[in-house]
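# Close look at the chain arrangement
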Amino acid sequence: MDKVAPRLSFFFGIGMNFYMEVAKLRAARMIWAKLMKEKFNAKNGKSLLLRTHCQTSGYSLTEQDPYNNVVRTAIEAMAAVMGGTQSLHTNAFDEALGLPTEFSARIARNTQLILQEETHITKVADPWGGSYMMEALTKELADSAMEIINEVEAMGGMTKAIESGMAKLRIEESATKKQARIDAVEDIVVGVNKYKLTKQEGVDVLSIDNTAVRASQIARLNKVKSGRDNSKVQAALAKLVESAKLTESTGSGAHPSNLLKLAVDAARARATLGEISSALESVWGRHVASTEVVQGAYSASFNASGEDREKEYNDVLKAVNDFAEKEGRRPRILVAKMGQDGHDRGAKVIASGFSDLGYDVDVGPLFSTPEEVARQAIDNDVHVVGVSSQAAGHKTLVPALINSLKKLNGSHIKVICGGVIPPQDYDELYKAGCLGIFGPGTRITVAALDVLKAIK
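Here's what I pulled together on the structure shown here. Keep in mind that what you see is a predicted model, and the values were worked out from it rather than measured.

Looking only at helices and strands, the protein chain features 17 helices and eight strands. Since a compact globule built from 456 residues should have a radius of gyration of about 23 Å, the 24 Å found for the protein chain is in line with a globular shape. Taking all 456 residues of the protein chain together, 43% fall into the buried category. A separation threshold of at least 6 residues defines the contact pool for the protein chain, and within that pool the share at least 24 residues apart is 72%. Looking at the protein chain as shown, the accessible area adds up to about 24,800 Å², and 54% of this sits on carbon and sulfur atoms. Where the 56 positive side-chain charges of the protein chain centre and where its 55 negative ones centre are 6 Å apart.

It is at 10 Å that the axes of helix H2 (residues 68-83) and helix H3 (residues 102-117) come closest, and there the two elements cross at 40°. Classed by the angle they form, the pair H2 and H3 counts as oblique. Classified by chirality, the crossing of H3 by H2 is right-handed. The segment H2 lies against H3, with Val-70, Ala-74, Ala-77 and Met-78 engaging Ile-107, Thr-111 and Leu-115. When the residues that make up the contact of H2 with H3 are grouped by side-chain class, the tally is six nonpolar, one polar and no charged.

Another aspect to go through is the packing of aromatic side chains. Counting across every chain of the model gives nine aromatic pairs. With centroids separated by 5.6 Å and ring planes inclined at 20°, the aromatic side chains of Tyr-298 and Phe-302 adopt a geometry described as stacked. Taken together, the positions of Tyr-298 and Phe-302, both in helix H11 (residues 297-303) and four residues apart, correspond to about one turn of that helix. When sorted by exposure, Tyr-298 lands in the same class as Phe-302, which is buried. Centroid distance Phe-302 to Tyr-313: 6.2 Å. Interplanar angle 40°. Geometry classified as tilted. Pair noted here: Phe-302 is in helix H11 and Tyr-313 is in helix H12 (residues 307-327), with a separation of 11 residues, a long-range link. Tyr-313 carries the same exposure label as Phe-302, and that label is buried. By way of ring pairs, the aromatic residues Phe-18, Tyr-19 and Trp-128 are connected into one cluster. One residue, Arg-345, lies across the ring of Tyr-59, its end atom 4.2 Å from the ring centre.

Here Leu-397 shows up in helix H15 (residues 394-407). Separated by 39 residues in the primary sequence, Leu-397 and Gly-436 have C-alpha atoms spaced 15 Å apart. When residues no more than four places from it in sequence are discounted, the contact partners of Leu-397 are Met-338, Gly-339 and Pro-370.

Before going further, it helps to spend a moment on a nonpolar patch on the surface. Side chains of Met-1, Val-4, Leu-8, Phe-10 and Phe-40 sit close together on the surface and give an oily, nonpolar patch of about 430 Å² of accessible area. Structurally, the position occupied by Met-1 is in the segment before strand S1 (10-14). Relative accessible area serves as the criterion here: at 40%, Met-1 is assigned to the partly exposed category.

If you walk through the whole model with that rule in mind, you get 25 salt bridges. Of the charged contacts in the structure, one is a salt bridge between Arg-26 and Asp-126, with a shortest N-O distance of 2.9 Å. In this pair, Arg-26 is assigned in helix H1 (residues 18-38) and Asp-126 in the loop between H3 and helix H4 (132-155), connecting sequence segments 100 residues apart. The class of Arg-26 is buried, set by a relative accessible area of 8%. Between Asp-322 and Lys-318 there is a salt bridge; the shortest N-O distance is 2.9 Å.

The rules behind each value
Residues numbered from 1 in each chain as written. Predicted model: local features only at pLDDT ≥ 70, side-chain atom pairs only at ≥ 80, totals over all residues. Heavy atoms only, no water. Helix = DSSP H or I, 4+ residues; strand = E, 2+ residues; numbered from the N terminus. Rg over C-alpha atoms; globule rule 2.2 N^0.38 Å. Buried < 20%, exposed > 50% of the residue type's maximum accessible area, 1.4 Å probe, protein only. Contact = heavy atoms within 4.5 Å. Areas by Shrake-Rupley, 256 points an atom, 1.4 Å probe, with all protein chains shown as cover. Lys, Arg positive; Asp, Glu negative; His and termini not counted. Charge placed at Lys NZ, Arg CZ, Asp CG, Glu CD. Axes fitted to C-alpha atoms, helices over the stretch in contact; angles between N-to-C directions. Parallel < 35°, antiparallel > 145°, perpendicular 65-115°, else oblique. Left-handed = near helix turned anticlockwise from the far one by under 90°. Nonpolar A, V, L, I, M, F, W, Y, C, P; charged D, E, K, R; others polar. Phe/Tyr/Trp six-rings, centres within 6.5 Å; stacked < 30°, edge-to-face > 60°. Lys NZ or Arg CZ within 6 Å of the ring centre and 35° of its normal. Patch = residues over 30% accessible without salt bridge, like charges linked within 9 Å, V, L, I, M, F, W, Y side chains within 5 Å. Salt bridge = Lys/Arg side-chain N within 4 Å of Asp/Glu carboxyl O.

Below is the structure:
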């Protein structure tokens, strides 16, 4: 353990609850040191030190009044530093609109430099140590986290917790409750649900030609494959397959069948990442994430905010029920993630919220192709596909989905989009056949009604 533990590091997201974020990192260090001593009998002092990288939050960035995000990122970065992070990533202010520009990336970088060079914050290791509030909050978080750790241990470990879907559902439940509180104006987000601009200011964002990027990447891949020794590639992949079949431990770096060593050997033979992972998949199969939707979290949190919110919620629910009575079934939506976009927080929040509002909701797997989404939409007989896009692939993937639906005689199925989509791309998507675009900050109750109108 003392050989491994000092080399491990962790990754934390840092949000806007300033004191909580500082306490979170302090609690994590307490728990790590405790478990290293009690569970693993670590002797090396470095094994007890938790090393962490932190990134400022993505979900706290707003499309509305986006220059506010400069302040949000600075506050989150300060919380990470005061909590004791070893390294830091600060988000750019325009990342709720699109990929960061050189201008916004420079501001994000300089936020770190100002904290490091001008504030003297980094000269104190634990500036909140001794504060009654902070010490109490740190202990409360550590105790609560240990309850979850013990629960996971009782299930058989984290692998079992992931397989059961428990881990994702807990995260999604928390995210859905948070969104409900924002929609109900219980949690204030400046510029989104309070102190809103009467007219939004335009912001330049980075534009990416996805078609050109895809063509370039394919050309590079073909060049690599044409210039390699395929016999060496196949031999390297075969060794990976044989290692994956073994039941004995190959963890020792000196073991001839050590998986990491064999993967490096395959890469040096110019095997692609896809070929390497496919070789392992041929033995192990591929993890399929749970598509179960959290029930009741949105409605409970939204309706707890007062009679006005409860009336708004019930009005949407009535409109959905009226549709179901007229059409003979509830409105049905497929929430889809396409391409190399692994960010599914927003998609799962939408799925949970729409489900509580009376929709029948299907959730597609991550990394789907447009053809796979179109086939699932037709097989499930949905009214609408909601595409969640967070990785700038919308201009390529959404038109491809609409064309795939047409080819499969599914042109009656509507397509809408949500997520990080630059406003200047809206017209192109509308022309391609997209019927609605919902950016960050859209209230779920409003989106549910607008989607119902699109279906009608």
